[in-house]
Amino acid sequence: MNGERAWVTRPDLASRRVGGSVLWANDETFAERENLITPAPAGFRPATFGHKGQVYDGWETRRRREPGDDEVVVRLGLPGVISGVVVDTAFFTGNYPPECTVSALAAEGYPSPAELLAADWEVVVPRSPLGGDTRNPFDVTSPRRFTHVRLTIHPDGGVARLRVHGTPVADPALLDLASLDLAALAHGGSVVACSNMFYSTPANLLAPGNAQVMGEGWETARRRDGADDWVVVALAAAGVLRLAELDTTHFKGNAPGWATLSGCDSTTADPDDPTAWFPLLERTRLQPDTVHRFPIARRRQTTHVRMDIHPDGGMARLRLHGAMTDAGRDDFLRRFAEVSGN
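Below is a short write-up of the structure. (Residues numbered from 1 in each chain as written. Predicted model: local features only at pLDDT ≥ 70, side-chain atom pairs only at ≥ 80, totals over all residues. Heavy atoms only, no water.)

### Some remarks on the pattern of salt bridges
Under the counting rule described, the total for this entry stands at 21 salt bridges. The partner of R62 in a salt bridge is D27, and the shortest N-O contact between them spans 3.1 Å. One end of the pair, R62, is in the loop between β4 (59–60) and β5 (70–88); the other, D27, is in the loop between β1 (21–25) and β2 (49–50), and 35 residues separate them in sequence. The exposure class of R62 is partly exposed, given its relative accessible area of 26%. Between D308 and R306 there is a salt bridge whose closest N-O contact spans 2.8 Å. A residue is classified by how much of its surface remains accessible, and D308, at 10% relative accessible area, is buried. When salt bridges with common partners are traced through the structure, they connect D27, R62, R64, E66 and D70 into a single cluster. (Salt bridge = Lys/Arg side-chain N within 4 Å of Asp/Glu carboxyl O. Helix = DSSP H or I, 4+ residues; strand = E, 2+ residues; numbered from the N terminus. Buried < 20%, exposed > 50% of the residue type's maximum accessible area, 1.4 Å probe, protein only.)

Put into C-alpha cells, the structure is as follows:
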C-alpha cells in the first residue's frame with residue numbers, strides 16, 4: 001500500500017463480514033456498488049465480458065457527459081471512530097476516478113437513503129487525488145463516532161474496494177449492560193496482543209456472527225519449540241464474567257488440544273506483570289469443530305482476558321459473557337458520550 005498506515009490493522013467497520021451495507025449509489029452502470037465492501041481482495045479475469053463490457057470486481061459508473069460527480073453511501077456494520085479510509089482502485093487503470101472525497105455521518109435509527117442524502121455530512125477526507133490500480137490510504141482525524149460514510153468520486157469511474165478502518169463504539173441504549181459479550185468487537189472489545197497470527201488475524205475471534213470458513217477465525221503456525229500460543233483481549237468495559245465460549249468450528253485437524261483462560265484487572269494491576277493474572281478457566285480439553293461453553297466460577301472484576309491454546313492451532317470465535325461492574329458501566333457511558341457529542 002502507498003504510505004502504509006498503522007491503522008490498517010484495525011477492524012474494517014464497513015465490511016460486509018461485520019454487517020456493512022451499501023445503501024445507495026447514483027449510478028452503477030458497469031459494476032455493482034455492493035462489491036465495494038466485499039471482505040476478500042478484488043480479483044480480475046482479463047477478457048471476461050458481460051452484457052456491459054469487461055467484468056470488474058468493484059463499483060464502476062458510466063462515463064459522464066454532463067457536469068457532476070458520482071456517489072455511494074455505505075452504512076457501517078460497526079459504528080465507531082474512523083482512523084483511516086482506503087479507496088482501493090485495484091485493476092482499474094484507464095477507468096479510475098482521478099479524485100475522491102469521503103464524508104461521514106452519525107445518524108440515529110435506520111434512515112432511508114433519501115433521509116441520509118438530505119442530512120448534514122462531515123467531510124473526513126477532503127477532495128484528494130487517486131492513483132489507479134492501487135490502494136489509496138487517507139488518514140481521518142475526526143474524534144467523532146459515525147454510522148455512515150459517503151464516497152464521492154470526481155467525476156466518475158471505478159473503485160474496487162472501500163475500507164473504513166477504526167474503533168467500534170457501541171450505543172449503550174442498544175445494549176443490555178447487565179448481560180452481554182464483553183469481548184465482542186461490536187461492543188468495543190479488542191485484541192491487544194498475541195503470540196502468533198501466521199494464517200489469520202486474532203481480531204477474527206471477536207467478530208460478529210459465526211465463522212463461515214476456517215479463514216474467518218484465528219490460526220497460528222505449527223509450534224516446534226514446546227511453548228504455547230496465546231491472545232490477550234481488552235474487554236469492552238470492566239466486568240464480571242459468567243460464561244466463556246470457545247468455538248473451534250471448521251478447525252478439524254488443526255484445533256488446539258487444550259485451552260486456559262486468565263483474567264486481569266488493569267484498574268488495580270499492570271497487565272504486563274505476570275503476577276497480575278488470575279485463573280478463570282483451568283487447562284481444559286477441546287474438541288475439533290465444536291462450540292464449547294464453560295461457566296466461569298471466579299466472580300471478580302476483570303478488564304483483560306488471556307486465552308492460551310495448547311500448543312497451537314485455530315479458534316473460530318471467543319465469547320466472554322458477563323455483566324459490567326458499576327465502574328465499568330460509568331466508564332463505558334463516558335467514552336460513548338465523548339465520541340458522540342452527548
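That covers the picture; the talk isn't over yet.
### Concerning the side chain of D265
In this fold, D265 is placed in the loop between β16 (258–264) and β17 (278–285). Of the buried charged residues, D265 lacks a salt bridge, with R300 as the closest side chain of opposite charge at 6.1 Å. Within the local environment of D265, its side chain forms a polar contact with the side chain of Q301, the two groups lying 3.2 Å apart. When near neighbours in sequence (up to four residues on either side) are disregarded, D265 contacts F278, Q301 and T303. (Lys, Arg positive; Asp, Glu negative; His and termini not counted. Polar contact = N/O pair within 3.5 Å; in protein donor to acceptor, adjacent residues only side chain to side chain. Contact = heavy atoms within 4.5 Å.)

### Looking at the environment of V233
Counting through the fold element by element, V233 comes out in strand β15 (residues 229–247). Classification of V233 by relative accessible area gives buried; the value is 0%. In this structure, the C-alpha to C-alpha distance between V233 and G257, residues 24 residues apart in sequence, is 21 Å.

Without other data, these values stay purely geometric and don't point to any function.
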